[in-house]
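Residue-level structural notes
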Amino acid sequence: MKFKALNVFGRVYIAKEGINAQISVPSSNVEALRELIYSTSPELNNLRLNIAIDDDGKSFWVLRMKVRDRVVADGITDDSFDASKTGQYLKAHEVNEMIDDPNTVFVDMRNHYEYEVGHFENAIEVPSDTFRDQLPMAVDMLQEQKDKNIVMYCTGGIRCEKASAYMLHNGFKNVYHVEGGIIEYARKAKEQGLPLRFKGKKLCV
């Protein structure tokens, strides 16, 4: 197997709505893995890969792949919900521009531990450890700020992308999400020499 030859470890969830994958590979094999993924199917060509900037070398010990109904458990039962109708992507420089806008609210869609480890300046926490509970809580918490710009973010971009679609589904108009989550934000900010607007001990966990 090609993946085995590249020493790929991690976990991959596959669903009709997409793929949620967190994988670990030796840095010397990153480009080979990228080429393998891009050549597997036309739909995967030029797929964005979020490369973490923090790594303790102990991420995963095996490679697990599972087929699931959803790439992330959301608890949504409304058949009219369309996960493909998401908010607008924000790139790193756009995040920094919006973070000082008083008409903008940053919403952390990670769990309590992740929020405590580090979060964007002035971001609000949705106080639940499960994503399925956070979605309706975020809608309730932000009702009085419905006319503001709502920026959702998470670690790798999957939870916040679905959260942005859920906010739009519930009547919010100006909804955004950080492209690639804080992993991609941190990488791009470093690459482009932008100030990091992230407070905490670590950028991602």
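Residues numbered from 1 in each chain as written. Predicted model: local features only at pLDDT ≥ 70, side-chain atom pairs only at ≥ 80, totals over all residues. Heavy atoms only, no water.

Right, let's talk about the packing of aromatic side chains for a bit. Summed over the entire model, instances satisfying the criterion amount to five aromatic pairs. Measuring from centroid to centroid gives 6.0 Å for Phe 81 and Tyr 166, while their planes differ by 65 degrees, and the two rings are edge-to-face. Here Tyr 166 lies in helix α6 (residues 158-169) and Phe 81 lies in the loop between β3 (63-67) and β4 (88-90), a separation of 85 residues in the sequence. The buried category is assigned to Phe 81, whose relative accessible area is 13%. Accessibility expressed as a relative area gives 15% for Tyr 166, which makes it buried. Centre to centre, the rings of Phe 106 and Phe 120 are 5.7 Å apart; their planes meet at 55 degrees, and the pair counts as tilted. Of this pair, Phe 106 sits in strand β5 (residues 104-108) while Phe 120 sits in strand β6 (residues 118-120), and the two are 14 residues apart along the sequence. Taking relative accessible area as the criterion, Phe 120 reaches 0% and is therefore assigned buried. Put simply, the rings of Phe 106, Phe 120, Tyr 153, Tyr 185 and Phe 198 touch in pairs and so form one group of aromatic residues. (Phe/Tyr/Trp six-rings, centres within 6.5 Å; stacked < 30°, edge-to-face > 60°. Helix = DSSP H or I, 4+ residues; strand = E, 2+ residues; numbered from the N terminus. Buried < 20%, exposed > 50% of the residue type's maximum accessible area, 1.4 Å probe, protein only.)

What follows deals with helix α7 (residues 181-192). For α7, with twelve residues, the first-to-last C-alpha span of 16 Å sits near the 16 Å given by 1.5 Å per residue. For α7, the set of buried residues is Gly 181, Ile 182, Ile 183, Glu 184, Tyr 185, Ala 186 and Ala 189. Following α7 by one or two positions, Gly 193 adopts a phi angle in the positive range, close to 70 degrees. (Expected span 1.5 Å × (residues − 1).)

This next bit is on the sheet that holds β4. What holds strands together in a sheet is hydrogen bonding between their backbones, with the strands either parallel or antiparallel. Read across the open sheet, the five strands follow the order β4-β9-β8-β5-β7; overall the sheet is parallel. Sheet topology places β4 and β7 (124-125) at the edges, where each strand pairs with a single neighbour. Relative to strand β9 (residues 175-178), strand β8 (residues 149-153) runs parallel, the two sharing three bridges. The residue of β9 that forms the bridge with Ile 150 is Val 175. Strands in contact with α6 are β4, β8 and β9; relative to β9, the strand with the most contacts, it is inclined by about 175 degrees. (Pairing = 2+ DSSP bridges. Contact = heavy atoms within 4.5 Å. Axes fitted to C-alpha atoms, helices over the stretch in contact; angles between N-to-C directions.)

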